[in-house]
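# Examining the three-dimensional arrangement
Listed below, chain by chain, are the residues.
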Amino acid sequence: FWEDFTEQVYPLQAFAARIFSEGDIPFWNSFTFSGMPLFADLQVGFFYPLNRLASLFLDADGVLTIGGLQIIIILHFFIAQLSMYSLIRYLKVSSIGAMIGAVSFAFSFVMVCHVFHPMMVYHLAWFPLVIMYFMRGYSESNIKFTIISGLIFGGSMLAGHPQTMLYESLFLGLMFMWYFFADMKKGTLKGSKIVFKVAAGLLPFIIAVGIFSIQYLPTKEFTDHSPRAERSFEESAEGSLDMGQIFTSVVPKLFGFIDGAGDQSLPWHLKGAENKYYLYWDTSFYFGITALMLGLFGAARRYKTREGAFFKFIAIFGLLFAWGDNFIIYEMFYNLPFFGLLRIPARIMFFAVIGFSVLAGFGFDELRKSTSTEHMSDLVKSTFSLDELRKKANKNFLIVFGITFGSVLLVTILAATGVLSALPGIATPEKFVSAVSSYGETALIIALIITIVAYLIAKRLLNPLVGGLIILVVAFSDLYIAGSSFNASPRSPEDSYKISAQMKELFTPKLPDDIFRVSMRHYSPSYTAMLRNQGVIDDIMLIEGYNQLIMKRLSSAAPDKKTTHDLFNVKYEIALDQQRRGFTFVERPGYYPRAWMVHKAIDLPADQVQAKMKEGGIDYLNEVVLEQEADLSLSGAINAADKVECLEYNANDFKYKVNAESDAVMCFSEVWYPAWKAYIDGKPADILHANYTFRAVAVPAGEHIVEMRYESDTYATGKWISIITLLLSLGGLVFVKIRKKD
């Protein structure tokens with residue numbers, strides 16, 4: 001795996017697995033961006049159950065193996081198949097039809113092209129099961145299934161991708177409204193039934209949110225102290241599906257591609273794709289010609305059934321929403337809560353993938369009864385003779401089959417002959433025309449095979465089991481040909497993190513005696529000596545990092561690089577070596593310690609601190625800029641003979657022994673965050689917001705033990721909400737079972 005798997009997913013999961021194996025929770029990450037929350041980072045998904053399997057794959061040095069993490073991710077493709085298979089089987093589709101739908105869903109591009117964003121894969125792998133139990137709870141008026149739906153949904157929420165979570169909630173909301181208003185229209189809901197149906201629609205959300213609270217509340221605290229994205233409509237619509245991309249449902253590489261093997265022709269149709277290559281995988285949704293053909297056929301044949309109509313609707317809705325600023329629906333949702341904070345509306349295309357996967361199952365079963373008369377009551381009156389019924393059934397079949405399968409075949413022919421490349425809205429560059437035609441030829445061959453086998457099954461010329469297995473093999477082969485190279489990087493992520501033993505020894509702090517940070521990035525000219533999250537792999541405390549969610553006051557307000565590095569306790573920094581025409585690390589003389597004492601404070605309102613520090617002229621070793629007054633009598637002494645000794649330094653806590661000549665402010669080169677609590681001689685003390693980014697504690701004269709511990713109130717509250725929700729849900733299941741026995 002590559003891209004964000006290497007840069008972000010692997011190092012953070014490796015750190016979480018190591019801390020968990022030591023019996024702790026990784027609340028704080030000291031090795032990235034000079035310190036930041038880890039557990040509160042939603043994408044880490046610490047409490048997602050299968051993420052905790054990672055601790056089983058630690059090597060002898062306590063480092064998570066690449067293969068181990070990849071196994072966990074790959075496991076979800078198997079879960080996705082079982083999950084979708086269960087949903088389609090519940091809808092009374094044959095085993096072969098359900099297998100075709102399951103393969104089409106699990107190996108679609110919305111799954112395959114997000115392997116390096118595994119939290120999205122985790123969500124989607126479980127979602128068909130959520131849908132199935134949601135449907136069962138509502139349709140069968142059975143609270144047991146409603147509770148199970150909420151439990152699975154809540155557990156998958158812990159995987160940690162907010163956009164997928166929001167879109168899944170929208171999916172379930174639309175499903176509930178579809179079924180509820182249909183029942184109201186029929187007049188089957190009256191009195192208490194209405195109350196129960198509403199409860200069946202709401203309870204899964206309540207349970208899921210309750211379970212998710214252990215993660216949600218700390219994450220909300222983190223986002224409240226990060227630069228929250230206030231996106232304009234234009235920014236939010238970045239990653240809208242281009243209308244021409246509908247043809248990639250037939251020819252997946254019609255507009256070029258990017259993959260891990262290094263073979264790529266950057267998609268030329270994407271707006272700004274030269275700078276935003278990630279839009280390729282964020283707008284890719286290919287689910288195979290098999291599911292497309294059978295899905296169209298199933299939609300046409302089952303359009304009057306409740307399930308057929310709903311999954312056709314959900315596929316169309318997903319497509320129209322994914323068009324973003326190319327259609328009106330996304331703009332309507334942009335003004336609703338949460339939706340305007342997101343971008344890349346094309347990520348909702350899993351609606352269409354789920355819809356067509358289910359419809360493909362319907363379509364396969366419709367082939368088996370396409371010319372029979374027992375299911376033709378909606379088409380003909382019973383006064384017709386048996387021969388007339390057969391003729392009408394055959395005519396209807398030929399029309400529907402010709403339109404659905406023929407339309408896909410036509411697109412493949414146009415692609416194979418190069419005609420599609422010249423159409424308005426596609427306009428393939430000349431150098432890619434030959435390659436696109438080759439993709440079209442592959443699509444044409446696959447489409448022909450599916451069409452022929454489907455027709456033979458429908459005409460009773462091929463056993464449905466044999467024909468179904470052929471279609472299943474072709475479906476998988478099609479998706480394999482299209483997507484197998486995407487997650488096939490020639491470079492192992494392990495190689496990316498290799499550094500010399502000497503460098504690791506030099507840059508690893510000797511806790512608790514020698515604590516320091518390293519700056520490994522040079523900006524002009526640009527050079528990065530390690531991967532941005534190297535620190536969490538090798539215990540190197542870096543001031544750089546890589547994460548979508550960062551602290552609002554990430555950088556110092558100091559006026560120059562030297563002062564910034566002083567305040568951030570940087571011992572080693574990267575520098576340009578003019579003689580060797582390269583870069584080298586240098587040790588900074590007189591770098592600031594991790595903690596020190598001052599006896600003079602500059603008290604300012606929070607909105608004036610940054611401007612004051614930018615002016616310069618502050619001696620930070622002897623004075624501190626505070627956003628609230630220290631409740632002490634400071635002498636203003638310079639270079640007082642105070643003593644500061646670190647006794648313990650761990651991920652979630654540290655302890656110092658100090659001896660102050662007089663009342664002092666103990667300054668820390670530690671990023672301020674509200675979940676940290678301070679203690680002096682075991683008694684709570686206030687943490688002051690110091691020097692714009694950092695923490696400080698007011699220490700009275702004398703000898704003291706100063707401690708800081710990560711003790712999140714939001715985590716404690718969320719934990720109890722989740723525990724109570726889980727216990728009540730399990731208790732509900734037990735109650736239902738006991739009552740059923742009675």
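Provided above is the structure to which this section pertains.
Here goes a summary of the coordinates provided. (Residues numbered from 1 in each chain as written. Predicted model: local features only at pLDDT ≥ 70, side-chain atom pairs only at ≥ 80, totals over all residues. Heavy atoms only, no water.)

Another aspect to go through is the nonpolar core. F171, F311 and F351 are the most contacted members of the largest nonpolar core, which has 204 residues in total. A total of 13 residues in this core trace back to one element, the largest contributor, which is helix α5 (residues 118-139). Apart from the residues lying within four places of it in its own chain, the contact partners of F171 are F127, I131, F310, F311, I314, F351 and I354. Counting 26 residues, the second-largest nonpolar core is a separate cluster that includes L567, W596, M613 and C667. (Core = buried A, V, L, I, M, F, W, Y, C linked by side-chain atoms within 4.5 Å. Buried < 20%, exposed > 50% of the residue type's maximum accessible area, 1.4 Å probe, protein only. Helix = DSSP H or I, 4+ residues; strand = E, 2+ residues; numbered from the N terminus. Contact = heavy atoms within 4.5 Å.)

The next subject is unusual backbone geometry. A cis geometry characterises the amide bond from L511 onward to P512, with omega recorded as 0°. The omega torsion across S524 and P525 is 5°, close enough to zero to call that bond cis. Looking at where P525 falls in the secondary structure, it is placed in the loop between β4 (521-523) and β5 (526-528). In the Ramachandran plot, K92 falls in the positive-phi region, its phi being about 65° despite a non-glycine side chain.

Take the sheet that holds strand β6 (residues 570-577) next. Strand order in the open sheet made by the three strands is β3-β6-β7, with mixed pairing throughout. The open sheet has two edge strands, β3 (517-519) and β7 (582-587), and neither has a second partner. Pairs of neighbouring strands in the sheet enclose a mean axial angle of 25°, with direction left out of account. Where β6 lies against β7, six bridges are found, and the strand directions are antiparallel. (Pairing = 2+ DSSP bridges. Axes fitted to C-alpha atoms, helices over the stretch in contact; angles between N-to-C directions.)

Moving on to the sheet that holds strand β18 (residues 702-710). Spatially, the five strands line up as an open sheet ordered β11-β12-β18-β14-β15, and their pairing is antiparallel. Across the chains shown, the open sheet's two edge strands, defined by having one partner strand only, are β11 (643-649) and β15 (683-685). The average undirected angle you get between the axes of adjacent strands in this sheet is 30°. As paired strands, β11 and strand β12 (residues 653-660) are joined by six bridges and run antiparallel to one another. Bridged to Y649 within β12 is F654.

Before going further, it helps to examine the layout of surface pockets. Over the atoms rolls a probe the size of a water molecule, and in doing so it shows where empty space is left. In this model, the largest pocket occupies a volume close to 1800 Å³. Looking at the largest pocket, it is lined by 49 residues, and the ones nearest its centre are L42, P162, Q163, L341 and L342. Elements that contribute at least two residues to the lining of the largest pocket include exactly α1 (4-21), α5, α6 (143-157), α7 (162-186), α8 (192-224) and α10 (279-282). Looking at the lining of the largest pocket residue by residue, the classes come out as 28 nonpolar, eleven polar and ten charged. (1 Å grid on protein atoms, 1.4 Å probe; cavity = no way out; pocket = protein on both sides within 12 Å on 5 of 7 lines; lining within 4 Å. Points joined across faces, edges and corners; volume = space filled by probe spheres on them. Nonpolar A, V, L, I, M, F, W, Y, C, P; charged D, E, K, R; others polar.)

Let's shift gears to the side chain of N622. In this fold, N622 is placed in the loop between α22 (606-615) and β10 (624-626). Judged by relative accessible area, N622 falls into the buried class, the value being 10%. Only 2.6 Å separates the side chain of N622 from the side chain of D619, close enough to count as a polar contact. Once residues within four sequence positions are removed from consideration, N622 is found in contact with V598, H599, K600, A637, I638 and N639. (Polar contact = N/O pair within 3.5 Å; in protein donor to acceptor, adjacent residues only side chain to side chain.)

Further remarks concern the packing of aromatic side chains. Under the counting rule described, the total for this entry stands at 83 aromatic pairs. When the centroid spacing of 6.5 Å and the interplanar angle of 45° are considered together, the rings of F127 and F153 count as tilted. One end of the pair, F127, is in helix α5; the other, F153, is in helix α6, and 26 residues separate them in sequence. Residue classification places F153 among the buried positions, given a relative accessible area of 0%. Considering the side-chain rings of F321 and F333, the 5.4 Å spacing of their centres and the 65° angle between planes classify their relative orientation as edge-to-face. Taken together, the residues span a long stretch of sequence, with F321 in helix α12 (residues 306-322) and F333 in helix α13 (residues 328-334) at a distance of twelve residues. Here F333 falls in the buried class, since its relative accessible area comes to 15%. A cation sits over an aromatic face here: R532 above Y546, 4.1 Å from the ring centre. The ring centre of F516 lies 4.8 Å from the NZ or CZ of K571, which sits over that ring. (Phe/Tyr/Trp six-rings, centres within 6.5 Å; stacked < 30°, edge-to-face > 60°. Lys NZ or Arg CZ within 6 Å of the ring centre and 35° of its normal.)

For the coordinates displayed, the defined rule picks out 24 salt bridges. Residue D538 is joined to K504 by a salt bridge in which the shortest nitrogen-to-oxygen separation is 3.4 Å. You can see D538 sitting in helix α20 (residues 534-538) and its partner K504 sitting in helix α19 (residues 501-507), a full 34 residues away along the chain. Since its relative accessible area comes to 9%, D538 is described here as buried. On the accessibility criterion, K504 (37% relative accessible area) is partly exposed. (Salt bridge = Lys/Arg side-chain N within 4 Å of Asp/Glu carboxyl O.)

For helix α3 (residues 95-106), built from twelve residues, the straight-helix expectation of 16 Å at 1.5 Å per residue is met to within 8% by its first-to-last C-alpha distance of 16 Å. Extensive coverage of α3 is indicated by the burial of ten of its twelve residues. As for α3, its buried residues are in contact with α2 (66-90), α4 (109-112), α5, α11 (289-301), α14 (350-368) and α17 (464-483). (Expected span 1.5 Å × (residues − 1).)

The geometry of α12 relative to α14 is characterised by a closest axis approach of 7 Å and an angle of 150° between their N-to-C directions. By the criterion of interaxial angle, the relationship of α12 to α14 is roughly antiparallel. Where α12 crosses over α14, the handedness of that crossing is left-handed. In contact with E307, G308, F311, K312, I314, A315, F317 and G318 of α12, α14 contributes F351, A352, I354, G355, F356, V358, L359 and F362. A per-class count over the contact of α12 with α14 returns eleven nonpolar, three polar and two charged. (Parallel < 35°, antiparallel > 145°, perpendicular 65-115°, else oblique. Left-handed = near helix turned anticlockwise from the far one by under 90°.)

Here I152 is to be found in helix α6. Classification of I152 as buried rests on a relative accessible area of 18%. I152 has contacts with W126, L129, V130 and Y133, leaving out every residue within four places of it along the chain.

Below, the discussion takes up α12. The end-to-end C-alpha distance of α12 is 24 Å, a good match for the 24 Å that 17 residues give at a rise of 1.5 Å each. For α12, a buried count of twelve out of 17 residues is recorded, marking the element as mostly surrounded by other parts of the structure. All of the buried residues in α12 are G308, A309, F310, F311, I314, A315, F317, G318, L319, L320, F321 and A322. Buried-residue contacts for α12 involve α5, α7, α13 and α14.

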